[in-house]
Amino acid sequence: MSRMNDVYILDHFSEALAKGHIRPYYQPIFRSVTGQICCVEALARWLDPVYGILAPGEFITVLEEHDLIYALDMEILKQTCLFYREMNERGTPIPSFSVNLSRHDFRRRDLFERVSGCLEAYKVPVDAVKLEITESVMLEDVDAFRRIFQKFHNAGFSIWIDDFGSAYSSLNVLQNYEFDTMKFDMLFLKNFSVKSRQVLLSLINMAKNLNIHTLVEGVETEEQRVFLRSIGCEALQGYYYSKPLPSEELLSITAEKNGLLESLEDKNYWGRIGRLNVLSPSPLTDFDRTEKRNFISEDFQEKNIAPLALVECVQNRAYYVYVSDGYLKRVLNLGYDSIEALERVFNEKKSDQYLMLKNLILDAIGSDTVMELDYTNNDVYYTLGARCLARDRKRAMLALQLQIFDSENEVKTSKQMLQYGNALFSTYEIVTLVYPRLGASTRIYAADFIPSYDNVKAKTLKESIEKFCEAEIVPEDRERYLRFFNLETLGERIGSCPGGFIQDAFRLNRIKSAKGKWRNIRISRVPSDEEVVYIYTIQVVQEKEELMLDLMAKEHPEVLNRF
Ligand code: C2E
Ligand code: MG
Ligand code: MG
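Residues numbered from 1 in each chain as written. Chains lettered and ligands numbered in written order. Predicted model: local features only at pLDDT ≥ 70, side-chain atom pairs only at ≥ 80, totals over all residues. Heavy atoms only, no water.

### Comments concerning the overall build of the protein
Applied cut-off: Under the scheme used here, helices are H or I runs from DSSP no shorter than 4 residues and strands are E runs no shorter than 2 residues, and both carry numbers assigned from the N terminus. Three exposure classes are used, based on accessible area relative to the maximum for each residue type with a 1.4 Å probe and protein chains only: buried under 20%, partly exposed in between, and exposed over 50%. For every accessible area listed, the method is Shrake-Rupley and the probe measures 1.4 Å; residues are considered covered only by the protein chains on display.
From N to C terminus, the protein includes 23 helices and 19 strands. Taking all 563 residues of the protein together, 51% fall into the buried category. As displayed, the protein offers around 27,400 Å² of accessible surface, 51% of which is attributable to carbon and sulfur atoms.

Below you can see the structure in the form of structure tokens.
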């Protein structure tokens, strides 16, 4: 840019501002999973009567050099607030918008007051505004920036790092500040090689582990979109979707297409779901974890992403919203032609899949933990894990993880599993190994969706037994169950029984298919020299026995009180 033009810009800036020649254009930002607009970015345009439309590249630096950028940024903020209000009044509210702030703005003492004053004046809620700050800005006066960021944070503003990855010390920025969203520079997409994909993937993984939302700008092709969506990047922006548009145009495209704009409810719902790290080897258990590790698996390239799917449940129907390559592969292995085919079968209310999954899904929706269902089919052993990520009045979003344990997919426990054989499992609902001395237990099989109360959730073995009892055993049988499973006397009692096991019948809260409530629960000692190990099993009782037990509980409860 020549000095001549700089002069022109300086000479005409005040006039352009006063006459309304400087206006924001709005570039929509899309939620990768839904394709809805979740935010719009305001980008300054100078509509000059002589030169036509000038892009920021032609005037931002000059304005910064002459201390005029603050005036521009505040003008863009003001106009954007006005636009936000207008959209609200039309009944097509935009979920949120972002504005770009210059590093020079942060030297102004009244920045915070100006920004919040502007929101107040136009009645814009603070959570609708995102402040974009280029990472290079923050390399200088760390303490001062931290202070002002904190002030904005405390007031409820979201701060986004813009152009992440464009400067040499991006990672320092991450260490020094807290951000809501990382906006990855379009540089990463310029050369869309295997290597640059790997870099993006690692960065997304890192952001998720730091609990920071992710957005990639400069998306220009379908291939880029598909890739970014598959690795769990939450939001996408770029010419592939839309150029920055004057307000009238944004207005008309959103008016034309119903549902293009994300609702406030959707924003909260998807905002929470977006925290799921699809790149983690165990996305379900990592979700919401406070202490984060670096989860990315080394062999990601071969194995691709964990077999993970997002399923939305609306009015008794389930829709696949996202499937990772790994999940798709497994579904195809199971003999389905496509995800759509699986979805169809699942939604046929009489199918086996429907009956089997219905309870798992309902249980997951009703709780905040991972629910698991194990089953075998043609000598292959499956575990389907489900976790509810978000729910609101209308719907719930579940993350499903499908593990297949066959000879190809060697997983540590699968070997242990297959050793016992499928026949065994068809007779038991639960098989758990109990190590009383270690105070631990390991669930090795569960045919039903009964959650595991192993030591992960309970602090001690005793506590996990109590938790199981409380949740799974009917109230009338609880006292008896706790006596039955009393660890202090267990060894002695088993020792005095000739078969090396104790067994009793209990009623469980859950009814598996039509088999009634009664179960035989048995604890047997495993012959072992080193460690005391018990096998704990739950077995369905036969119909005749069921009737007898009912009768006995009613007429002769003392018989059930053997232990
Ligand atoms: P930015 O905030 O990183 O904005 C992204 C830039 O990339 C925009 O250029 C946008 O038009 C362009 N872009 C969006 N999608 C694509 C794509 O798919 N491919 C390519 N090649 N480009 C894409 P723009 O509007 O020229 O703005 C350039 C920069 O000027 C912005 O970068 C921002 O740093 C700055 N800027 C824009 N408006 C303002 C403002 O109001 N205040 C301040 N302080 N800076 C602004
Ligand atoms: Mg920006
Ligand atoms: Mg940028």
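### Points about the nonpolar core
What counts is decided by this rule: Put simply, buried Ala, Val, Leu, Ile, Met, Phe, Trp, Tyr and Cys residues joined by side-chain atoms within 4.5 Å make one nonpolar core. Throughout, the edges of the domains are those of an automatic or database domain assignment.
Formed by 96 residues in total, the largest nonpolar core has its most connected members in F149, F184 and L228. The element best represented in this core is helix α3 (residues 69-90), accounting for 10 residues. Composition of this core by domain shows at least three residues from each of domain 1 (3-270) and domain 2 (302-412).

### A closer look at the pattern of salt bridges
Inclusion rule: Put simply, a salt bridge is a Lys or Arg side-chain nitrogen that is within 4 Å of an Asp or Glu carboxyl oxygen.
Per the stated rule, a full pass over the model turns up 24 salt bridges. Here E15 and K19 are joined by a salt bridge, their closest N and O atoms 2.9 Å apart. Given the relative accessible area of 37%, E15 is considered partly exposed. Since its relative accessible area comes to 53%, K19 is described here as exposed.

### Concerning the coordination of the magnesium ion (ligand 2)
As a reminder, the rule being used: Sites may look incomplete, because water is not among the atoms used; the donor set itself consists of N, O and S atoms within 2.8 Å of the metal (3.2 Å for Na, K and Ca).
The coordination sphere of the magnesium ion (ligand 2), as far as protein atoms go, consists of E41 (OE), N100 (OD1), E132 (OE) and D162 (OD), spread over 2.0 to 2.3 Å. Here the donor residues of the magnesium ion (ligand 2) share one chain and are spaced in sequence as E-x58-N-x31-E-x29-D. In this structure, the magnesium ion (ligand 2) lies 4.1 Å away from the magnesium ion (ligand 3), the two metals sharing D162 as a donor. One end of the pair, E41, is in strand β2 (residues 37-48); the other, N100, is in strand β4 (residues 97-101), with 59 residues separating them in the sequence. Overall, E41 belongs to the buried group, its relative accessible area being 3%.

### Some remarks on the side chain of R31
The cut-off we apply is this: Whether two residues are in contact is decided by their heavy atoms, any of which lying within 4.5 Å being enough.
Structurally, the position occupied by R31 is in strand β1 (residues 22-31). In contact with R31, not counting residues within four places along its chain, are Q36, C38, E234, E262, K267, W270 and G271.

### Side note on the packing of α3 against helix α4 (residues 111-121)
So the rule is basically this: Helix axes use the C-alpha atoms of the stretch in contact, all axes being lines fitted to C-alpha atoms, and the angles between their N-to-C directions lie in the range 0 to 180 degrees. Should an angle lie under 35 degrees it is considered roughly parallel, over 145 roughly antiparallel, and from 65 to 115 roughly perpendicular; all remaining angles are considered oblique. Should the near helix be turned anticlockwise from the far one by less than a right angle, the crossing is termed left-handed; should it be turned clockwise, right-handed. In this count, Pro and Cys sit with the nonpolar residues alongside Ala, Val, Leu, Ile, Met, Phe, Trp and Tyr, while Asp, Glu, Lys and Arg are called charged and the others, Gly among them, polar.
At a minimum axis separation of 9 Å, α3 and α4 run at an interaxial angle of 20 degrees. Here α3 is positioned roughly parallel relative to α4, judged by the angle of their axes. Seen from above, α3 lies across α4 with right-handed handedness. Seen from α3, the contacting residues are Y70, M74, L77, K78, C81 and R85; seen from α4, they are L111, R114, V115, C118, L119 and A121. For the contact of α3 with α4, a count of residues per class yields nine nonpolar, no polar and three charged.

### Section: the coordination of the magnesium ion (ligand 3)
Every protein donor of the magnesium ion (ligand 3) is accounted for by D162 (OD), D163 (OD), E217 (OE) and E217 (OE), and the metal-donor separations fall at 2.0 to 2.7 Å. When its relative accessible area of 7% is taken as the criterion, D162 is described as buried. Residue classification places E217 among the buried residues on the basis of a relative accessible area of 8%.

### Quick notes on the sheet that holds strand β15 (residues 428-435)
Rule in force here: Note on pairing: two strands pair once DSSP finds at least 2 bridges between them.
Across the sheet, five strands lie side by side as β16-β15-β19-β18-β17; this open sheet has antiparallel pairing. Among the strands making up the open sheet, the edge pair consists of β16 (440-446) and β17 (501-507). Strand-to-strand twist in this sheet, taken as the mean axis angle between neighbours without regard to direction, amounts to 20 degrees. Taken together, the eight bridges between strand β18 (residues 518-526) and strand β19 (residues 533-540) define a ladder with antiparallel strand orientation. Bridge pairing in β19 links S524 to I535. The sheet contacts of helix α21 (residues 487-495) involve β17, β18 and β19, and relative to β17 the element is tilted by about 115 degrees. Along the sheet face, helix α22 (residues 543-555) touches β17 and β18 and points at about 95 degrees away from the line of β18.

### Thoughts on the packing of aromatic side chains
The cut-off we apply is this: Centre distance within 6.5 Å is the pairing criterion for rings of Phe, Tyr and Trp, where only the six-membered ring of Trp is used; planes under 30 degrees apart are then read as stacked, over 60 as edge-to-face, and the remainder as tilted. In this analysis the charged atom, NZ for Lys or CZ for Arg, is taken to sit over a ring once it is within 6 Å of the ring centre and within 35 degrees of the ring normal.
Following the criterion strictly, the structure yields 27 aromatic pairs and no others. Measuring from centroid to centroid gives 4.8 Å for Y8 and Y51, while their planes differ by 80 degrees, and the two rings are edge-to-face. Taken together, the residues Y8 in helix α1 (residues 3-18) and Y51 in the loop between β2 and β3 (52-54) connect sequence positions 43 residues apart. When its relative accessible area of 46% is taken as the criterion, Y51 is described as partly exposed. Three or more aromatic residues joined by ring pairs make a cluster, and in this case those are F468, Y481, F484, F485, F506 and Y536. Lying over the aromatic face of Y239, K243 brings its terminal NZ or CZ to 4.8 Å of the ring centre.

### Focus: the packing of helix α19 (residues 461-472) against helix α20 (residues 475-484)
Packed helix pairs are specified by the crossing angle of their axes together with the interaxial distance, meaning the distance between the axes. Axis separation between α19 and α20 bottoms out at 9 Å; the angle between their running directions is 160 degrees. By the criterion of interaxial angle, the relationship of α19 to α20 is roughly antiparallel. For the pair α19 and α20, the sense of crossing is right-handed. Contacts between α19 and α20 involve I465, E466, F468, C469 and E470 on the former and, on the latter, R478, Y481 and L482. Class assignment of the residues belonging to the contact of α19 with α20 gives a composition of five nonpolar, no polar and three charged.

### Observations concerning the site of ligand 1
What counts here: Whether a residue is near a molecule or strand depends on its heavy atoms: if one lies within 4 Å, it is near. Throughout this description, a polar contact denotes any pair of N or O atoms lying within 3.5 Å of each other; where both atoms belong to protein, one of them has to be capable of donating a hydrogen while the other can accept it, and for residues adjacent in sequence the pair is counted only when both atoms sit in side chains.
Around ligand 1 sit 24 residues, and of these R45, D73, D162, E220 and Y239 come closest. Residue E217 places a side-chain N or O atom 3.3 Å away from an oxygen atom belonging to ligand 1. The protein chains hide 83% of the 790 Å² of surface that ligand 1 would expose on its own. The dominant element in the shell around ligand 1, judged by the number of residues it contributes, is β2, at four residues. Looking at the shell around ligand 1 residue by residue, the classes come out as 11 nonpolar, five polar and eight charged.

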